[in-house]
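Residues per chain, in single letters:
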Number of protein chains: 2
Amino acid sequence: MICHPSPNIFKTLPLRRKEFKSRLHIEKNNHSGVFTTASRNSCTKKNYAARGIRTSVEAVLLVELFKHPHLLLLQVRNSIYKLPGGRLRPGESDVDGLKRKLARKLSVNEDGDGSEWEVGECLGMWWRPDFETLVYPFLPPNVKQPKECTKVFLVKLPASRKFIVPKNMRLLAVPLCQVHENHKTYGQIISGVPQLLSKFSFNMIES
Amino acid sequence: MICHPSPNIFKTLPLRRKEFKSRLHIEKNNHSGVFTTASRNSCTKKNYAARGIRTSVEAVLLVELFKHPHLLLLQVRNSIYKLPGGRLRPGESDVDGLKRKLARKLSVNEDGDGSEWEVGECLGMWWRPDFETLVYPFLPPNVKQPKECTKVFLVKLPASRKFIVPKNMRLLAVPLCQVHENHKTYGQIISGVPQLLSKFSFNMIES
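What counts and what doesn't
Residues numbered from 1 in each chain as written. Chains lettered and ligands numbered in written order. Predicted model: local features only at pLDDT ≥ 70, side-chain atom pairs only at ≥ 80, totals over all residues. Heavy atoms only, no water. Salt bridge = Lys/Arg side-chain N within 4 Å of Asp/Glu carboxyl O. Helix = DSSP H or I, 4+ residues; strand = E, 2+ residues; numbered from the N terminus. Buried < 20%, exposed > 50% of the residue type's maximum accessible area, 1.4 Å probe, protein only. Contact = heavy atoms within 4.5 Å. Buried area = accessible area lost by both parts, 1.4 Å probe. Polar contact = N/O pair within 3.5 Å; in protein donor to acceptor, adjacent residues only side chain to side chain. Nonpolar A, V, L, I, M, F, W, Y, C, P; charged D, E, K, R; others polar.

**Q** Go over the pattern of salt bridges with me, naming the residues and quoting the values.
**A** Applying the stated criterion across every chain, the model contains 14 salt bridges over all chains. One salt bridge connects K156 of chain A with E118 of chain A, and the closest N-O pair in it is separated by 3.8 Å. With K156 of chain A in strand β9 (residues 148-156) and E118 of chain A in strand β8 (residues 118-128), the pair connects residues that are 38 residues apart, well separated along the chain. Residue E118 of chain A is classed as partly exposed on the basis of its relative accessible area of 37%. A salt bridge links E148 of chain B to R54 of chain B; the shortest N-O distance between them is 3.2 Å. Of the two residues, E148 of chain B is situated in strand β9 (residues 148-156) and R54 of chain B in strand β3 (residues 54-60); the sequence distance between them amounts to 94 residues. By sharing partners, the salt bridges in this structure join E121 and K199 of chain A together with E121 and K199 of chain B into a single network.

**Q** Which residues make up the interface of chain B and chain A, and what values do they have?
**A** Of the residues lining the interface, 41 residues belong to chain B; the matching set on chain A comes to 41 residues. Taking both partners together, chain B and chain A bury about 3400 Å²; carbon and sulfur atoms supply 68% of that area. The tally of links between chain B and chain A comes to two salt bridges. Ionic pairing is found between K199 of chain A and E121 of chain B, a salt bridge with its closest N-O pair at 3.8 Å. Summed over the shared surface of chain B and chain A, the number is two residue pairs in polar contact (both at pLDDT 80 or more). Breaking the side of chain B that touches chain A down by element, the ones donating at least two residues are β1 (8-15), β8 (118-128), β9, α4 (176-179), α5 (183-191), α6 (193-196) and β12 (200-204) of chain B. Of all the elements, β8 of chain B adds the most residues to the side of chain B that touches chain A, at nine residues. Among the residues forming the side of chain B that touches chain A, the class breakdown is 24 nonpolar, twelve polar and five charged.

Below you can see the structure in the form of structure tokens.
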């Protein structure tokens, strides 16, 4: 694993704010798939009993606005923020599962196979030791049977820049400086993304 | 930069707590190099005027205790915790500077050239936009002239496991679960290290 350090450069798509909706063509579809916290917990318990640990994969997608990197987030019912992604099927690889979820939640067409998504490196992993809400960036000592693992991957924005988002969600570009350590609004995983990205220098792509 | 994700495995040295001091032979030397916050700020301002941005390099060194990764930290006067490292000389590379600092602060002998240290990947970078204490894992918008950049590297513990630490410092192994998000005790950079390491699976080396 130890290798000679090399400069990490990540190329992001430049946008001006007024262009965000026009350049990223966002439409709504009828997919929903949203749970309340209570129904989610109940669902998680049933799934854990049936299938064991739940593994989720989520995408960090970046655009450049005002020369500052912005993170693409899905907002559910004006309150909950999510990284695009979701749960793996049994036996499914991280990359295949993430491409499937991106094709379903953000794709240019509803029948997309996900091939337009280029999944990059794993930036971090978060563990949920029980059915409560707290997650940790390590497996806490003495936890033998974690209930959930969430892996966060860096994903390159496809050239098409056309998105169809689920009907009850909005796609937002939020500046990294707003997300950073803002646990209350964005939750632990999203608010930690700026740290996970801190090793990269951001280069804009001329479009 | 985008590459196919591969499993990240980091091998750590296993220790039992009672072995920590005996297996990691820790001695004191007479190096000091410690500043109060006020004298540090004054020094930073003078150095910035003379040489521009200050670049520091710091090392993340891990050992395994009770099957949980522990971070090696230097404690100054029973209060301030630091990752081993320090400021680069003008024109010095990150790796050379970090090896020099590790040789000076932790080396098996005071004349060490640092060649026993294997510096791995850059885990993160932190920016200080002004002479105040807050640092950010990105260059905040509209900051044209940051005053300091701190780069954190993963470093493999050398086989020798003998350390000579500066006289006024103690070498501690602190569990990741204690460091995580504990800004008040460990400061922003150290308390964020567990997140930066979260992509790794930790494998113990049989010793």
